[in-house]
Amino acid sequence: MGSVKRFCLALLAPAALAACAASPDPESLSFDPFATENRATHDANLTIDRNAYRPAAIAYGKGVPEPLRRGVSNLENTWDSPGYVVQYMLQGRPELAGTAMMRFGVNTLFGFGGLIDLASELGMDYRDTNVDETLFRWGVPEGGYLVVPFGGPGTQRDWSGWVLDYALDPVQLFLPTAAGTALIAASGVDLLNDRYELDTTLDELFYQSEDSYTATRISYLQNMRARLKGGTGLDLLEDVYDDY
Amino acid sequence: MMTTDLGTGLARRGFLAATALLAGAAALPRPLLALTVPQAQAFVGSISGELDRLVNSGRSGSQLYSQFEQILARYADMPVVGASVLGPPWRSATSAQKSAFISTFQSYLARKYGRQFEEYRNARIQVTGGKDAGRAGVLINTTVVRPGRENIGVDWQISDRSGSAKAVNLIIEGVSLLATERAEIGAILDSQGGSIDKLIAELRRRS
């Protein structure tokens, strides 16, 4: 469900964000310094979702056959790989950088330019990364939870990193502008697929929850932390029998 | 590592193994009852088997939710989950309120998570690992593999502190059910002016 985060990238007006403020308790689910502003933005984003993003996603999901949607996803994932190589190297993870590079080579050369994910069939599993993960690995705290207009949930670190994701992407730097724009368009279309595939989950969070802001926030934060830490930490498990 | 291919006999064998192990363990003095990782994996394998039979049984809607609720009641320690989710108000509740809360909370959960679960047709649950978490129990990692869709990581916290193995939390893609429901139930309780009776009525309305 990296997609909950990718949902954030929808449509998108990039906002240059302030550098991360130090968080008093980065692990606390109750730390929410921008709650008031965030709630207003969250409500505005739900209006956009209800009237534009969700209907477009449902139309795309129901109108376009699954193999074609999968092809667009594969294309996006493949052409994102060079950016992953850069980030994995910055994270000091050469083996993951190697896999990302191999995936790019195999899928572009033998997978119709990236439409078919042949690399996964060959055991090279897809794993995405971004500047946020690099900053996490460097020990930068996540900062406060931050909801961005048209963008959705994130943290101060995550949204700062998002700006750099494009600035440090070799594909965007070295490919002709038209090709770069086409890839951004493909990733925009793929966001519709993410929204479509997650519809039941997001519907629950956005429209069935008593407090959809809090439900979305704690889901986002827990999901993001587990992803960065590579799974559920045993330290997060509650001893339910000792409490009551 | 054990792989449960839903619909094969593996899950049932796992269930038999778990039953045999638990039956054997029950005869021993209490401190020896500590749940091992393989036992917890077999336990999760048997829940997976039941879930698989249900999701592929052709049932849908309220029929599916009520069967789902039965599985929840059998394999999860609902009184402990409910108490933990309700938090401090649990302590001041009367025993009638407690039992009414647990039963409505259970139906509410079955409906809420049953809706998500309905999408898992043709999915396979693979047990991929497990770790002993001491007093908190055992954490079992599973992957829900769905054809043509991204895999979903589901972790199960299993504890035998009640005397037998029970699920006490589900962590879906890092998101803890206990944390999610604590926030949600807390928000409903607030909107009902802190009244447990009104909370119960509201949960009944939603389930």
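As shown above, the structure is provided for reference.
Quick caveat, the model's predicted, so the values are computed rather than measured.

Quick look at the overall build of chain B
Stage number 1. For chain B, the helix and strand inventory stands at 8 helices and 5 strands.
Stage number 2. Traced from its N-terminal end to its C-terminal end, chain B shows the element sequence α-α-α-α-α-α-β-β-β-β-β-α-α.
Stage number 3. Within chain B, the proportion of its 207 residues that are buried is 51%.
Stage number 4. In chain B, once contacts between residues fewer than 6 apart in sequence are set aside, the share between residues at least 24 apart is 58%.
Stage number 5. Here chain B has roughly 9100 Å² of accessible surface; of this, 55% comes from carbon and sulfur atoms.

Overview of the environment of R182 of chain B
Stage number 1. As for its placement among the helices and strands, R182 of chain B is situated in helix α7 (residues 177-191).
Stage number 2. Taking the C-alpha atoms as reference points, R182 of chain B and G82 of chain B, separated by 100 residues in sequence, lie 9.2 Å from one another.
Stage number 3. Apart from residues lying up to four places away in sequence, R182 of chain B is in contact with E238 of chain A together with S84 and V85 of chain B.
Stage number 4. At a separation of 2.7 Å, a polar atom in the side chain of R182 of chain B contacts the side chain of S84 of chain B.

Let's talk about the pattern of salt bridges
Stage number 1. Summed over the entire model, instances satisfying the criterion amount to 24 salt bridges over all chains.
Stage number 2. A salt bridge links D199 of chain A to R195 of chain A; its shortest N-O distance comes to 2.9 Å.
Stage number 3. Here D199 of chain A falls in the buried class, since its relative accessible area comes to 14%.
Stage number 4. Notably, a salt bridge pairs R206 of chain B with E184 of chain B, separated by 3.4 Å at the nearest N-O pair. Of the two residues, R206 of chain B is situated in helix α8 (residues 196-206) and E184 of chain B in helix α7; the sequence distance between them amounts to 22 residues.
Stage number 5. A relative accessible area of 22% means that R206 of chain B is categorised as partly exposed.
Stage number 6. Using a relative accessible area of 5% as the deciding quantity, one classes E184 of chain B as buried.

Describing a nonpolar patch on the surface
Residues and elements named next belong to chain A.
Stage number 1. Together, L90, W138, L164 and L168 make up an exposed nonpolar region whose accessible area comes to about 380 Å².
Stage number 2. With respect to the helices and strands, W138 occurs in the loop between α6 (131-137) and α7 (156-167).
Stage number 3. Relative accessible area serves as the criterion here: at 52%, W138 is assigned to the exposed category.

What about unusual backbone geometry?
Stage number 1. One non-glycine residue, F112 of chain A, lies in positive phi territory at about 55°.
Stage number 2. Its place among the elements puts F112 of chain A in the loop between α4 (94-110) and α5 (118-121).
Stage number 3. For F112 of chain A, a relative accessible area of 65% corresponds to the exposed category.
Stage number 4. Backbone geometry at N122 of chain B places phi at a positive 70°, although glycine is not the residue there.
Stage number 5. Residue placement: N122 of chain B occurs in the loop between α6 (95-117) and β1 (124-132).

Regarding the interface of chain B and chain A
Stage number 1. Residue-level contacts link 42 residues of chain B with 31 residues of chain A.
Stage number 2. Buried surface at the junction of chain B and chain A, both sides included, amounts to about 3200 Å², of which 51% is carbon and sulfur.
Stage number 3. The partner of R135 of chain B in a salt bridge is D239 of chain A, with the nearest N and O atoms 3.8 Å apart.
Stage number 4. Of all elements in the fold, only α4 (78-86), α5 (89-92), α6, β1, β3 (152-159), β4 (166-172), β5 (175-176) and α7 of chain B reach the threshold of two or more residues within the side of chain B that touches chain A.
Stage number 5. Tallying contributions element by element places α7 of chain B first for the side of chain B that touches chain A, with 9 residues.
Stage number 6. Looking at the side of chain B that touches chain A residue by residue, the classes come out as 15 nonpolar, 11 polar and 16 charged.

A short note on the packing of aromatic side chains
Residue and element names in this part refer to chain B.
Stage number 1. Counted under the stated rule, the structure contains 12 aromatic pairs over all chains.
Stage number 2. Their ring planes at 65° and their centres at 6.4 Å tell us that F117 and Y120 sit as a pair that is edge-to-face. Summarising the burial analysis for this pair, F117 and Y120 share the class buried.

Digging into the pairing of β3 of chain B
All names here are of chain B.
Stage number 1. In terms of burial, β3 is a largely internal element, 7 of the 8 residues being buried.
Stage number 2. Strand direction decides the pairing type here: strand β2 (residues 138-145) and β3, joined by 7 bridges, are antiparallel. Looking at β3, one finds that T142 is bridged to V154.
Stage number 3. Summarising the sheet, β3 and β4 pair through 6 bridges and their orientation is antiparallel. What sits directly across from I158, in β4, is A167.
Stage number 4. Between β3 and β4, which follow one another and run antiparallel, lie 6 residues, and G163 among them has a positive phi close to 115°.

Focus: the nonpolar core
Side chains of nonpolar character tend, in soluble globular proteins, to be buried together.
Residues and elements named next belong to chain B.
Stage number 1. Residues F101, F105, I158 and I185 are the most contacted members of the largest nonpolar core, which totals 55 residues.
Stage number 2. In terms of residues, this core owes the most to one element, α6, which gives 8 residues.
Stage number 3. Not counting residues within four places of it along the chain, the set of residues in contact with I158 comprises L35, A40, F43, V44, A136, G137, V138, I140, A165, K166 and A167.

Remarks on the packing of helix α2 (residues 35-63) of chain A against helix α10 (residues 199-208) of chain A
Residue and element names in this part refer to chain A.
Stage number 1. Interhelical geometry of α2 versus α10 gives an angle of 165° and a closest axis separation of 13 Å. Here α2 is positioned roughly antiparallel relative to α10, judged by the angle of their axes. The interaxial crossing formed by α2 with α10 has left-handed handedness. Across the interface between the two elements, L46, D49, R50, R54 and I58 of α2 pack against D199, F206 and Y207 of α10.

Here's the deal with helix α3 (residues 61-75) of chain B
All names here are of chain B.
Stage number 1. When the terminal C-alpha atoms of α3 are compared, their 21 Å separation across 15 residues agrees well with the 21 Å that a helix rising 1.5 Å per residue should span.
Stage number 2. If you check which residues of α3 are buried, you get L64, Y65, F68, E69, I71 and Y75. Angularly, the buried residues of α3 cover 165° about the axis, an arc narrow enough to put them on a single face.

Reading the values: the criteria
In every chain, residue numbers begin from 1 and rise along the written sequence. For naming, the first written chain is A and the first written ligand is 1, with later ones following in the order written. The model is predicted, so local features are restricted to residues of pLDDT at least 70 and side-chain atom pairs to those at 80 or more, both for listing and for counting; the totals for chains, interfaces and linings are taken over all residues. The basis for every side-chain value is the complete set of heavy atoms in the structure, and neither hydrogens nor water enter the calculation. Working definition: helices are DSSP H or I runs of at least four residues, strands are E runs of at least two. Numbering for both runs from the N terminus. Only protein chains enter the accessibility calculation, which uses a 1.4 Å probe; a residue is then buried when its area is under 20% of its type maximum, exposed when over 50%, and partly exposed in between. By definition in these notes, contact holds between two residues if any of their heavy atoms fall within 4.5 Å. The accessible surface values rely on the Shrake-Rupley method and a 1.4 Å probe; as for residues, cover is taken only from the protein chains in view. Each polar contact in these results corresponds to two N or O atoms within 3.5 Å; when the atoms are within protein, one needs to be able to donate a hydrogen and the other to accept it, and residues that are neighboring in sequence are counted only if both atoms are side-chain atoms. For salt bridges, the criterion is a side-chain nitrogen of Lys or Arg within 4 Å of an Asp or Glu carboxyl oxygen. Every patch collects residues that have over 30% relative accessible area and no salt bridge, joining them within 9 Å if they carry like charges and within 5 Å if they are nonpolar side chains (Val, Leu, Ile, Met, Phe, Trp, Tyr). For any pair of parts, buried area is found by adding up, for both, the accessible area (1.4 Å probe) each one loses once the two are put together. Side-chain classes are defined by residue name, with Ala, Val, Leu, Ile, Met, Phe, Trp, Tyr, Cys and Pro counting as nonpolar, Asp, Glu, Lys and Arg as charged, and the others, Gly among them, as polar. In summary, the pairing rule links any two rings of Phe, Tyr or Trp, Trp by its six-membered ring, whose centres are within 6.5 Å, and it sorts them by plane angle into stacked for under 30 degrees, edge-to-face for over 60 and tilted for everything else. Pairing between strands is defined by DSSP: at least two bridges between them are needed. The criterion is simple. A nonpolar core is a set of buried Ala, Val, Leu, Ile, Met, Phe, Trp, Tyr and Cys residues joined through side-chain atoms within 4.5 Å. Every axis corresponds to a line fitted to the C-alpha atoms, with the helix fit spanning only the stretch in contact, and the corresponding angles, defined between N-to-C directions, vary from 0 to 180 degrees. Angles are sorted into four bins: roughly parallel if under 35 degrees, roughly antiparallel if over 145, roughly perpendicular if 65 to 115, and oblique for all others. Note on convention: the crossing is left-handed when the near helix lies turned anticlockwise from the far helix by less than a right angle, right-handed when the turn is clockwise. Helix span, as expected, comes to 1.5 Å for every residue beyond the first. When we speak of the arc, we mean the arc of directions from the helix axis to the C-beta atoms.

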